Amino acid sequence: MPATGTESGWTGVVLAGGQSRRMGRDKATLVWRGKTLLEHMCTRLQEAGATRIVVSGAVPEKGGVPDRVPGLGPLGGIASVAAVLDDGPLLVVPVDMPLIEPEWLARLAACQARCACYQGHMLPLWLQLDALSRRVLSDVLQHPPKDRSLKTLHAGQQGVFLPLPEQAATCLVNLNTPEQWQEVAS
Ligand SMILES: Nc1nc2c(ncn2[C@@H]2O[C@H](COP(=O)(O)OP(=O)(O)OP(=O)(O)O)[C@@H](O)[C@H]2O)c(=O)[nH]1
């Protein structure tokens, strides 16, 4: 199990699989300020209070929980991680948001919200898993759904979002393309 930390508290999960097609190279291994994006995200989660970090996706040289059913995107990655961990709280983040502020992750981890939102838009990858979403995830691996959107995890769960305030905008930068990467790296 490629995890570090203790068995108590909450587990931070970094989604680091996928194809990085738009970027044209593996986003997890891009180096920014002397560290890879994957290392940055692990650090952010630790700073937010995660007592264990798990990487989702077969990341070369870093270990990682491989996707059990390839091709299901982030939903499949999260389901694969949830399947190998105990029932403790999990907080999931993507690998490509290096400006994420630990403060907001800590707030999400500390409240009952399932997911953060900003200006009315859900941030589906800032995700906290509860018993219900774990049940949905277990079905995902056995019966892969047509709709692979993470929104399926939140169906019928309106009103359980943590709204991020205006000042959180800067940490929502998502690096998907070489242009976005250049902007942050330069
Ligand atoms: N474990 C796992 N993680 C994934 C998978 N697809 C995407 N991710 C992760 O989910 C987050 C959002 O990914 P996207 O930007 O939507 O997809 P991507 O594959 O990284 O990039 P594109 O190919 O350009 O769409 C990133 O942190 C990815 O590393 C997958 O199939 N498995």
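Heads up: the structure comes first, above all this text.
All values derive from a computational prediction rather than experimental measurement. (Residues numbered from 1 in each chain as written. Predicted model: local features only at pLDDT ≥ 70, side-chain atom pairs only at ≥ 80, totals over all residues.)

J.: Quick question: what am I supposed to make of the environment of Gly9 here?
T.: Relative to the elements of secondary structure, Gly9 occurs in the loop between strand S1 (3-5) and strand S2 (11-15). Along the backbone, Gly9 and Leu90 are 81 residues apart, and their C-alpha atoms lie at a distance of 9.4 Å. In this view, Gly9 contacts Gly49 and Thr51; residues no more than four positions away in its chain are not counted. (Helix = DSSP H or I, 4+ residues; strand = E, 2+ residues; numbered from the N terminus. Contact = placed C-beta atoms within 7 Å.)

J.: Could you clarify how one ought to interpret the site of the ligand in this entry?
T.: Around the ligand, the surrounding shell holds 21 residues, and the nearest of these are Gly17, Gly18, Arg21, Gly77 and Pro94. In terms of residue count, helix H2 (residues 73-84) provides more of the shell around the ligand than any other element does, four residues in total. Broken down by class, the residue content of the shell around the ligand amounts to six nonpolar, 10 polar and five charged. (Near = placed C-beta within 6 Å. Nonpolar A, V, L, I, M, F, W, Y, C, P; charged D, E, K, R; others polar.)

J.: Would you explain the packing of H2 against helix H4 (residues 131-142) in this entry?
T.: Contact geometry for H2 and H4: axes closest at 9 Å, N-to-C directions at 110°. As the angle between them shows, H2 and H4 are arranged roughly perpendicular. On H4, the residues that touch Leu75, Gly76, Ile78, Ala79, Ala82 and Ala83 of H2 are Arg134, Leu137, Ser138, Val140 and Leu141. Across the contact of H2 with H4, the residue classes tally to eight nonpolar, two polar and one charged. (Axes fitted to C-alpha atoms, helices over the stretch in contact; angles between N-to-C directions. Parallel < 35°, antiparallel > 145°, perpendicular 65-115°, else oblique.)

J.: What's the story with the nonpolar core in this structure? I'm lost.
T.: The tendency in soluble globular proteins is for nonpolar side chains to be buried as a group. Val14, Leu38, Leu91, Val93, Leu105, Leu108 and Ala116 are the most contacted members of the largest nonpolar core, which has 48 residues in total. Of the residues forming this core, the biggest block, six residues, is contributed by helix H1 (residues 37-48). (Core = buried A, V, L, I, M, F, W, Y, C linked by C-beta atoms within 7 Å. Buried ≥ 20, exposed ≤ 12 C-beta atoms within 10 Å, placed from the backbone.)

J.: For this particular structure, what's the right way to read the pairing of strand S8 (residues 121-129)?
T.: Within a regular strand, the side chains alternate between the two sheet faces. Two strands pair when backbone bridges link them, and strand S6 (residues 90-94) and S8 are joined in this way by three bridges, in the antiparallel orientation. Note on S8: the bridge partner recorded for Leu90 is Leu129. Bridge analysis of strand S7 (residues 115-118) against S8 gives four bridges, and the strand direction is antiparallel. Paired with Tyr118 across the strands is His121, a residue of S8. Between S7 and S8, which follow one another and run antiparallel, lie two residues, and Gln119 among them has a positive phi close to 50°. (Pairing = 2+ DSSP bridges.)

J.: Sorry if this is basic, but what is going on with H2 here?
T.: Structural remark: α-helix, 3.6 residues per turn; residues separated by three or four positions point the same way. An ideal rise of 1.5 Å per residue puts 16 Å on 12 residues; H2 measures up with 18 Å between its terminal C-alpha atoms. In terms of residue burial, H2 counts as a mostly covered element, since nine of its 12 residues are buried. (Expected span 1.5 Å × (residues − 1).)

J.: Would you mind going over unusual backbone geometry with me for this structure?
T.: Peptide bonds are trans in most cases, and residues, glycine excluded, mostly fall at negative phi. The residue Ser20 is not glycine, and still its phi comes out positive at about 50°. In this fold, Ser20 is placed in the loop between S2 and strand S3 (31-32). Exposure remark for Ser20: the 18 C-beta atoms within 10 Å place this residue in the partly exposed category. Even without being a glycine, Arg33 presents a positive backbone phi close to 50°.

J.: Help me out: how do you make sense of H4 in this one?
T.: Spanning 12 residues, H4 covers 17 Å between terminal C-alpha atoms, matching the ideal 16 Å at 1.5 Å per step. Three or more residues of H4 are buried, namely Ser133, Leu137 and Val140. Along the axis of H4, the buried residues cluster in a sector spanning 50°; they form a single face. Along H4, the residues that are exposed and aim more than 90 degrees away from the buried face are Ala131, Arg135, Asp139 and Gln142. Where the residues of H4 are buried, they touch H2 and S8. (Arc of directions from axis to C-beta.)

Any link to function would need more than the numbers given here.
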